Amino acid sequence: MSRATAFPAPPAPGGAVGTVAARATALSKVYGHGETRVAALDAVDVEFRRAEFTAIMGPSGSGKSTLMHCMAGLDSISSGSARIGEVELATLDDRRLTRLRRDRIGFVFQAFNLLPTLTALENITLPLAIAGRRPDAEWVERIVATLGLSGRLAHRPSQLSGGQQQRVAVARALAAKPEIIFADEPTGNLDSRSGAELLGFLHESVRALEQTVVMVTHDPVAASYADRVVFLADGRIVDEMHEPDAGAVLDRMKAFEATGRTN
Ligand SMILES: Nc1ncnc2c1ncn2[C@@H]1O[C@H](COP(=O)(O)OP(=O)(O)OP(=O)(O)O)[C@@H](O)[C@H]1O
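What counts and how
- Residue numbers run consecutively from 1 along every chain, following the written order of its sequence.
- In keeping with the model being predicted, local features are shown solely for residues with a pLDDT of at least 70 and side-chain atom pairs are shown and tallied solely at 80 or more, while totals for entire chains, interfaces and linings include all residues.
- Only heavy atoms go into the side-chain values, all of them from the structure, while hydrogens and water stay out.
- Scored between 0 and 100, pLDDT is the confidence that the predictor attaches to each residue.
- In this analysis, two residues are considered to be in contact whenever any of their non-hydrogen atoms come within 4.5 Å of each other.
- A cutoff of 4 Å decides nearness: a residue is near a molecule or strand if any of its heavy atoms lies inside that distance of it.
- Polar contact is the term for a pair of N or O atoms within 3.5 Å; when the atoms are in protein, one must be able to donate a hydrogen and the other to accept it, and sequence-neighboring residues count only if both atoms are side-chain atoms.
- Note that accessible areas follow from Shrake-Rupley with a 1.4 Å probe, and for residues the cover is restricted to the protein chains shown.
- Only DSSP runs of H or I covering at least 4 residues are called helices, and only runs of E covering at least 2 are called strands; the numbering of each starts at the N terminus.
- The set of buried Ala, Val, Leu, Ile, Met, Phe, Trp, Tyr and Cys residues whose side-chain atoms join them within 4.5 Å is what this entry labels a nonpolar core.
- Between buried and exposed lies partly exposed: a residue is buried under 20% and exposed over 50% of the maximum accessible area for its type, with that area taken using a 1.4 Å probe on protein chains only.
- Axis definition: a line fitted to C-alpha atoms, limited for helices to the stretch in contact. Angles are taken between N-to-C directions and run from 0 to 180 degrees.
- In these notes the angle categories are as follows: under 35 degrees is roughly parallel, over 145 is roughly antiparallel, 65 to 115 is roughly perpendicular, and the rest is oblique.
- Here is the rule for handedness: rotate from the far helix to the near one, and if that takes an anticlockwise turn smaller than a right angle the crossing is left-handed, while a clockwise turn gives right-handed.
- Charged means Asp, Glu, Lys or Arg here, nonpolar means Ala, Val, Leu, Ile, Met, Phe, Trp, Tyr, Cys or Pro, and polar covers whatever is left, Gly included.
- Note: two strands are recorded as paired if DSSP finds a minimum of 2 bridges between them.
- Think of it as the arc spanned by the lines of direction from the helix axis to the C-beta atoms.
- Here a salt bridge means any side-chain nitrogen of Lys or Arg lying within 4 Å of a carboxyl oxygen belonging to Asp or Glu.

## Things to note about the confidence of the model for the chain
Part 1 of the reasoning: Confidence in the prediction for the chain averages 90 pLDDT; 92% of positions are at 70 or higher.
Part 2 of the reasoning: Every residue in residues 1-15 is under pLDDT 50, and counting partners more than four places away or in other chains gives 29 contacts.

Structure follows, in structure tokens:
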């Protein structure tokens, strides 16, 4: 049941582990003019590899959300390049950009944004239904099992805990087999235990389902679930850490904040 789209079909998740899912090159984003001009991103170079879990950290105002929004085609860029796979986002008109976001990108936000009148399963498959695509039943089953939602599919959001609702939101993001998932503070509305569980499931979706996840977070513990942490300060990538642990991330953050105060 292949359906013609404006883009080549995304590779099966895991089909090309280690290749680049998204890339920014000399990416700059300026808001405002004159006295109100803010360089939110200043010549950022960063790659997000397939089947890798990356956390983006940095002090408030360092450009984390702007980077995520520019990479996800939710905001325009001022100069440089932002690519999903081989597609240069700046070359797409609004219609093609909307389609790319729908077909190739998954989103998870702090607010779960589930429809209250639909069951968990209906929420998970809704974006596919809107896109006129039939869900891949086997894939949806794997996602649901990986996220520990098998016994909850007939429940409505009000019958689920916050952690379960956010897992439904992650399942919804995964259902279309996106090339990359952008998560903005996905544990921001969860208590610490549900947050830890959600992060464990996100980690598992990268390991077991070979998904690519980029997560903006303020929380060093959340970042420690990632394979890699990219640190932003004043709109620039200033450091990177692999196989992070929470203590080391916290120390690095404190160091940036101390430097920021003395500059
Ligand atoms: N729409 C906008 N108009 C003007 N300036 C903006 C806009 N969005 C962001 N900025 C500015 O760009 C800079 C980076 O903002 P951004 O929200 O990306 O930072 P952040 O690291 O995500 O911050 P936080 O951790 O507080 O969410 C900040 O100085 C911010 O004030």
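## As for the site of the ligand
Part 1 of the reasoning: Around the ligand, a shell composed of Tyr31, Val38, Ala40, Pro59, Ser60, Gly61, Ser62, Gly63, Lys64, Ser65, Thr66 and His218 is seen.
Part 2 of the reasoning: Within the side chain of Ser60, a nitrogen or oxygen atom sits 2.6 Å from an oxygen atom of the ligand.
Part 3 of the reasoning: His218 is positioned with one of its side-chain polar atoms (N or O) 2.8 Å from an oxygen atom of the ligand.
Part 4 of the reasoning: Coverage of the ligand by the protein amounts to 58% of the 630 Å² it exposes when considered alone.
Part 5 of the reasoning: Tallying contributions element by element places helix α1 (residues 64-71) first for the shell around the ligand, with 3 residues.

## Some points on the nonpolar core
Part 1 of the reasoning: Membership of the largest hydrophobic core comes to 44 residues, with the highest contact counts inside it found for Leu147, Met215, Val229, Phe231 and Val249.
Part 2 of the reasoning: For this core, the element with the most residues is helix α5 (residues 162-175), which contributes 7 residues.
Part 3 of the reasoning: Residues contacting Met215, with those up to four places away along its chain left out, are Phe53, Thr54, Ala55, Ile56, Ala183, Pro186, Leu199, Leu202, Ala222 and Ala223.
Part 4 of the reasoning: Counting 29 residues, the second largest nonpolar core, distinct from the first, contains Leu41, Phe48, Met68 and Ile180.

## Let's talk about the packing of α5 against helix α6 (residues 192-207)
Part 1 of the reasoning: One can describe the packing of α5 onto α6 by two numbers: an axis separation of 9 Å at closest approach and a directional angle of 20 degrees. By the criterion of interaxial angle, the relationship of α5 to α6 is roughly parallel. In terms of crossing hand, the pair formed by α5 and α6 is right-handed. Contact with α5, carried on its side by Gly163, Gln166, Arg167, Val170 and Leu174, involves Ser194, Glu197, Leu198, Phe201, Leu202 and Ser205 of α6 and no other residues of that element.
Part 2 of the reasoning: Taken together, the residues that form the contact of α5 with α6 break down as 5 nonpolar, 4 polar and 2 charged.

## So, the pairing of strand β1 (residues 20-31)
Part 1 of the reasoning: Direction of pairing for β1 relative to strand β2 (residues 38-49): antiparallel, over a ladder of 8 bridges. The residue bridging Leu27 from the neighbouring strand is Val44, located in β2.
Part 2 of the reasoning: In textbook terms, the turn of a hairpin is the stretch between consecutive antiparallel strands, and for β1 and β2 this stretch comprises 6 residues, one of which, Gly32, has a positive phi near 75 degrees.
Part 3 of the reasoning: In the sheet, β1 pairs with strand β4 (residues 79-84) via 5 bridges, with the strands oriented antiparallel. In the strand pairing of β4, Arg23 is matched with Arg83.

## Looking at the side chain of Ser81
Part 1 of the reasoning: Residue placement: Ser81 occurs in strand β4.
Part 2 of the reasoning: Residue class for Ser81 comes out buried when judged on its relative accessible area of 12%.
Part 3 of the reasoning: Only 2.9 Å separates the side chain of Ser81 from the side chain of Glu88, close enough to count as a polar contact.
Part 4 of the reasoning: Once residues lying within four places of it in the same chain are set aside, the contact partners of Ser81 are Arg23, Ala24, Thr25, Ala26, Leu27 and Glu88.

## Section: helix α3 (residues 120-130)
One turn of an α-helix holds 3.6 residues; hence residues three or four places apart share an orientation.
Part 1 of the reasoning: Here α3 has its buried residues at Ala120, Asn123, Ile124, Thr125 and Leu128.
Part 2 of the reasoning: Tucked inside the fold, the buried residues of α3 contact α4 (137-146) and α5.
Part 3 of the reasoning: Following α3 by one or two positions, Gly132 has its phi on the positive side, about 75 degrees.

## As for α4
Part 1 of the reasoning: For α4, the set of buried residues is Trp139, Val140, Ile143, Val144 and Thr146. Looking down the long axis of α4, one finds its buried residues gathered within 165 degrees of arc, a one-sided arrangement. Turned more than 90 degrees from where α4 packs its buried face, Ala137, Glu138 and Glu141 sit exposed.
Part 2 of the reasoning: Those residues of α4 that are buried lie in contact with α3, α5 and α6.
Part 3 of the reasoning: After α4 finishes, the residue Gly148 shows a positive phi value of roughly 65 degrees.

## Observations concerning the pattern of salt bridges
Proximity of charged atoms lets side chains of opposite charge pair with each other.
Part 1 of the reasoning: For the coordinates displayed, the defined rule picks out 16 salt bridges.
Part 2 of the reasoning: Across the pair Asp75 and Lys29 runs a salt bridge whose closest N-O atoms are separated by 3.3 Å. Placement of the pair is Asp75 in the loop between α1 and β4 and Lys29 in strand β1, with a sequence separation of 46 residues.
Part 3 of the reasoning: We classify Asp75 as partly exposed; its relative accessible area is 24%.
Part 4 of the reasoning: You can call Lys29 buried: its relative accessible area is 6%.
Part 5 of the reasoning: Across the pair Glu240 and Arg228 runs a salt bridge whose closest N-O atoms are separated by 3.4 Å. Pair noted here: Glu240 is in strand β10 (residues 236-242) and Arg228 is in strand β9 (residues 228-233), with a separation of 12 residues, a long-range link.
Part 6 of the reasoning: Judged by relative accessible area, which is 34%, Glu240 ranks as partly exposed.

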